[in-house]
Number of protein chains: 2
Amino acid sequence: MTLDHLSQNKAFGGDQFVLSHQSEATGTEMTFSVYVPPHADGAKLPVLWYLSGLTCTHANVTEKGEYRQACAEHGVIFVAPDTSPRGDDVPDASDEYDFGKGAGFYVDATREPWSKHYRMRSYIEDELPAIIEANFPADMALQGITGHSMGGHGALTMGLRNPGRFRSVSAFAPIVGPSKVPWGEKALSRYLGEDREAWAEYDAVALIENGARVNHLLVDQGTADNFLEEQLKTGLLSMACAKAGIPAEIRMQEGYDHSYYFISTFMAEHVAWHAARLG
Amino acid sequence: MTLDHLSQNKAFGGDQFVLSHQSEATGTEMTFSVYVPPHADGAKLPVLWYLSGLTCTHANVTEKGEYRQACAEHGVIFVAPDTSPRGDDVPDASDEYDFGKGAGFYVDATREPWSKHYRMRSYIEDELPAIIEANFPADMALQGITGHSMGGHGALTMGLRNPGRFRSVSAFAPIVGPSKVPWGEKALSRYLGEDREAWAEYDAVALIENGARVNHLLVDQGTADNFLEEQLKTGLLSMACAKAGIPAEIRMQEGYDHSYYFISTFMAEHVAWHAARLG
């Protein structure tokens, strides 16, 4: 497997990489970014995964996320994958921002024409970790995961399905119950088909109701977020956690919206929170 | 004068504004950003100006500059103007990234066709400060200025020409002697004409040689910056400051390039450095 170095920039004493490779999972060229903080020779560092939201690529958080200072301080590697397969051969819904390219929803699609390339679950759960382990000074026994909006949904569901891999799970303004909201109903019905039983493993609230657990959970949600009421429905997660006895810290942040201005404000706290649980 | 609020986002407890207005200086609509940190009712806060580099607008530093956390911590207002007039009526050199739109060089042009709109010196020295004072909780007795590359040139020259207004001056990878480098020779000859005597007030090294002084000066320059040798020539500033007895802190930062990865790494230090001198 060849990893192409698209860019490397020194930042906060470490290195911000942007890389691409031919993915077996998606059958496409995939781009992702990795920040490696300053570290002692031979050291192995914890890894924090960040899954991005609708319309995003690796670039949004890499440019606007303001994570590098905290990652440098706490010695954490930060990995930001893309949100879908890309390329002219990949089917798309070109006039829809919430489906197709930029909207992979972190599933392995089972319906044509999506099932050939839209395999973001396998890509992030199986393929990319091996690449990180082989190419960076990563301690794969110490992994946390976070994400924003659709990527918050990805972080919660991957965290709930893999509690042995992810010691800590957090999210910024996540979609918590995609089965019950328009973004999720549209995406899951087309990627997975109309049988809602198949959606349950891609729905954080449903996973919790079905017995899945995480060790540690932190969520920040802005009260001025335009998507809160119709698409995000943070309250469903609070109720599910309370009922299941999951010690979740779900913080409603007064006046914050859905943008990277919100994410960057709380990013350093999330990095420190993960570092404390991975350290 | 009407100020249009293009956006307002809560960040780090304060507000990030993007605004536009009809400028008398440039005769065009001008867009700029202002971050107002959390503050007590009725408080007046110091102001830090940030001038951007070639090809940039207010947006680059607003999205990638990572200044808000430090501004919130130190209680500093951060103002980021555009780098040139904009609009269909404004003459441009469309295939040149280093002249015309996005490349105003912080001068008042005296040559046709540039002299009508390219009046960024008057805009930033005279017009915009009055707008900031009238619309934000700004203590205009406490102003500092910084900038990047062409904007570092702008910060140094405005600081040197107005030591009473700017108590502190810093820069990231500034063009220090535009009269002696290709970017500057091209821009100044076309905006100001071939008479090099007219360039001296827009050249930091020449201003110092002619007796201008600043109270405090901090410069960060990456050693891996591709423009260092041909365009930036930091050494000319070091020599001029040493000869003039200006207590300048000029730091060569090992391995850093010309990008916002470099700027964001040292931004918090610059904000704190200005705050200490304005506080």
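Residues numbered from 1 in each chain as written. Chains lettered and ligands numbered in written order. Predicted model: local features only at pLDDT ≥ 70, side-chain atom pairs only at ≥ 80, totals over all residues. Heavy atoms only, no water.

Colleague: Could you clarify how one ought to interpret the pattern of salt bridges in this entry?
Modeller: Where charged atoms from two side chains of opposite charge come close, those side chains can pair. Counted by the stated rule, this structure contains 24 salt bridges over all chains. Here Arg68(B) ties to Glu66(A) by a salt bridge, and the two come within 3.4 Å at their closest N and O atoms. Of this pair, Arg68(B) sits in helix H2 (residues 68-74) while Glu66(A) sits in the loop between helix H1 (58-64) and helix H2 (68-74), on two different chains. A relative accessible area of 2% places Arg68(B) in the buried class. Taking the shortest distance from any N to any O, the salt bridge between Arg121(A) and Glu201(A) comes out at 2.8 Å. Of the two residues, Arg121(A) sits in helix H3 (residues 120-135) while Glu201(A) sits in the loop between helix H5 (182-192) and helix H6 (204-209), which places them 80 residues apart along the sequence. On the accessibility criterion, Glu201(A) (35% relative accessible area) is partly exposed. Shared partners join several salt bridges into a network, and the residues in it are Glu96(A), Asp98(A), Lys186(A) and Arg190(A). (Salt bridge = Lys/Arg side-chain N within 4 Å of Asp/Glu carboxyl O. Helix = DSSP H or I, 4+ residues; strand = E, 2+ residues; numbered from the N terminus. Buried < 20%, exposed > 50% of the residue type's maximum accessible area, 1.4 Å probe, protein only.)

Colleague: What should I look at first to understand the interface of chain A and chain B in this one?
Modeller: It is common to give the size of an interface as the accessible area lost on bringing the parts into contact. In this assembly, 21 residues from chain A lie in contact with 21 residues from chain B. Summing both partners gives a buried area of about 2000 Å² for chain A against chain B, and 48% of it is carried by carbon and sulfur. Sorting the residues of chain A by area buried against chain B places Lys10(A), Glu66(A) and Tyr261(A) first, and these three jointly supply 36% of that buried surface. At the junction of chain A and chain B, the tally comes to ten residue pairs in polar contact (both at pLDDT 80 or more). Where the side of chain A that touches chain B is concerned, the elements lending two or more residues are strand S1 (4-11), H1, H2 and helix H9 (260-278) of chain A. In terms of residue count, H9(A) provides more of the side of chain A that touches chain B than any other element does, four residues in total. Classifying every residue of the side of chain A that touches chain B by side-chain character gives five nonpolar, nine polar and seven charged. (Contact = heavy atoms within 4.5 Å. Buried area = accessible area lost by both parts, 1.4 Å probe. Polar contact = N/O pair within 3.5 Å; in protein donor to acceptor, adjacent residues only side chain to side chain. Nonpolar A, V, L, I, M, F, W, Y, C, P; charged D, E, K, R; others polar.)

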